[in-house]
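Residue strings, one per chain:
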Amino acid sequence: MRIVLLGAPGAGKGTHCKRIADRYGLVHLSSGDILRRERAGGTELGKKAQSYMDAGALVPDDLIVEMMTGAIRQAAAGYVLDGFPRTVNQADVLDQALAAQGTGIDMILNLRVDDSVVVERITGRRSCPQCGAVYHVKNMPPKVADVCDRDGTPLVQRPDDTEEVVRHRLETYYRQTEPVVDYYRAGHAVDDIDANGDADVVAEVIFRRVDPPAKKGPGRRGKK
Ligand code: AP5
């Protein structure tokens, strides 16, 4: 299956994409995670992306499109996209690239969450720089404070997770990324999901939507 998970910063895209990938045997392709790895590796792409990310702005489309279409090609058997596409242009280029491969998106899930919830979730998020596991100081704390449950690595806060930057990321989302939802609605079925609740409850709702098409097997299901 090829699934796109849309949603504002802090909607739970990363949290739920990991669960979806585990349950359905898909590759989790997160544009944010790939960019952070490029930064950590000191690559040219990472250096170019750094200032945009720290300011809560979008990295230019040409850099992102090349990076993500390459990753998608390698995961052609099935993936869940997290953080991409994030502009109408990115969505358009993705559609064209998939059409050229004779494939398309099977399912689009749109996580909807209130702005106040976003700020609380993002400022409380901590993650493991080693394995990428994501925690929250109140909602999903690690067993031992500030240490990853999986590998014992000290947890870190992302530099773009301050309240000031989060508010800018939200503005960027409404201006540049929300139109992607309307772009998809014009030609695809988009499943809106209330993502304000507890993560396990949200995951159950997602699984109820994805289980039936996943059981049916390959085929394009997302087109209207
Ligand atoms: P990216 O890493 O994609 O950030 P984002 O979209 O802002 O999303 P987040 O990772 O902040 O949130 P999330 O929805 O994954 O939430 P999470 O599951 O972690 O992008 C970062 C930057 O990279 C961008 O600003 C941009 O500069 C650049 N970039 C990336 N893609 C790009 C693109 N396509 N084009 C251009 N630039 C791009 O959850 C958040 C917290 O809440 C966690 O602590 C979690 O434990 C907790 N939580 C989650 N769900 C729940 C729940 N239901 N209940 C309680 N707590 C919960």
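Structural data are supplied above this passage.
What counts and how
- Residues numbered from 1 in each chain as written.
- Predicted model: local features only at pLDDT ≥ 70, side-chain atom pairs only at ≥ 80, totals over all residues.
- Heavy atoms only, no water.
- Near = heavy atom within 4 Å.
- Polar contact = N/O pair within 3.5 Å; in protein donor to acceptor, adjacent residues only side chain to side chain.
- Areas by Shrake-Rupley, 256 points an atom, 1.4 Å probe, with all protein chains shown as cover.
- Axes fitted to C-alpha atoms, helices over the stretch in contact; angles between N-to-C directions.
- Helix = DSSP H or I, 4+ residues; strand = E, 2+ residues; numbered from the N terminus.
- Parallel < 35°, antiparallel > 145°, perpendicular 65-115°, else oblique.
- Contact = heavy atoms within 4.5 Å.
- Nonpolar A, V, L, I, M, F, W, Y, C, P; charged D, E, K, R; others polar.
- Pairing = 2+ DSSP bridges.
- Buried < 20%, exposed > 50% of the residue type's maximum accessible area, 1.4 Å probe, protein only.
- Core = buried A, V, L, I, M, F, W, Y, C linked by side-chain atoms within 4.5 Å.

1. Re the site of the ligand
Close to the ligand lie 35 residues, the nearest being Thr-15, Ala-57, Arg-86, Arg-125 and Arg-169. In the model, a nitrogen atom of the ligand is placed 3.0 Å from a nitrogen or oxygen of the Val-59 main chain. Note that a nitrogen atom of the ligand is positioned 3.2 Å from one of the side-chain N or O atoms of Arg-121. Protein chains bury 97% of the 1,000 Å² of accessible surface belonging to the ligand in isolation.

2. Section: the packing of helix H5 (residues 88-100) against helix H7 (residues 163-187)
Between H5 and H7, the shortest axis-to-axis distance is 8 Å and the interhelical angle comes to 40°. As the angle between them shows, H5 and H7 are arranged oblique. Along its contact with H5, which presents Val-88, Ala-91, Asp-92, Leu-94 and Asp-95, the element H7 presents Gln-176, Pro-179, Val-180, Tyr-183 and Tyr-184. In terms of residue class, the contact of H5 with H7 is built from seven nonpolar, one polar and two charged.

3. Some words on the sheet that holds strand S7 (residues 190-194)
Across the sheet, which stays open at both edges, the five strands sit in the order S2-S3-S1-S4-S7 with parallel pairing between neighbours. Whereas interior strands pair on both sides, the edge strands pair on one side only; in this sheet they are strand S2 (27-30) and S7. Each strand of the sheet is rotated relative to its neighbour by a mean of 20°, with strand direction disregarded. Pairing analysis gives four bridges linking S2 to strand S3 (residues 79-82), with the strands arranged parallel. Bridge pairing in S3 links Ser-30 to Asp-82. Docked against the sheet, helix H2 (residues 31-40) engages S2 and S3, running at close to 70° with respect to S2. Its contacts with the sheet place helix H8 (residues 199-216) against strand S1 (2-7), strand S4 (107-112) and S7, and it is angled at close to 160° to S7.

4. Some remarks on the pairing of S4
Where a strand is regular, its side chains alternate between the two sheet faces. Taken across its six residues, S4 has five buried, putting it largely inside the fold. Bridging between S1 and S4 involves five bridges; their strand directions are parallel. Residue pairing in the sheet places Leu-6 in a bridge with Asn-110 of S4.

5. Considering the nonpolar core
Formed by 28 residues in total, the largest nonpolar core has its most connected members in Ile-3, Ile-20, Leu-109, Leu-111, Ile-206 and Val-210. A per-element tally of this core places H8 first, with five residues. Core analysis: the second largest hydrophobic core is formed by 27 residues, Leu-6, Leu-45, Leu-81 and Phe-84 among them.

6. Structural notes on the side chain of Asp-106
The topology assignment puts Asp-106 in the loop between H5 and S4. One polar contact links the side chain of Asp-106 to the main-chain amide nitrogen of Arg-2, over a distance of 2.8 Å.

In short, geometric facts, not functional conclusions.
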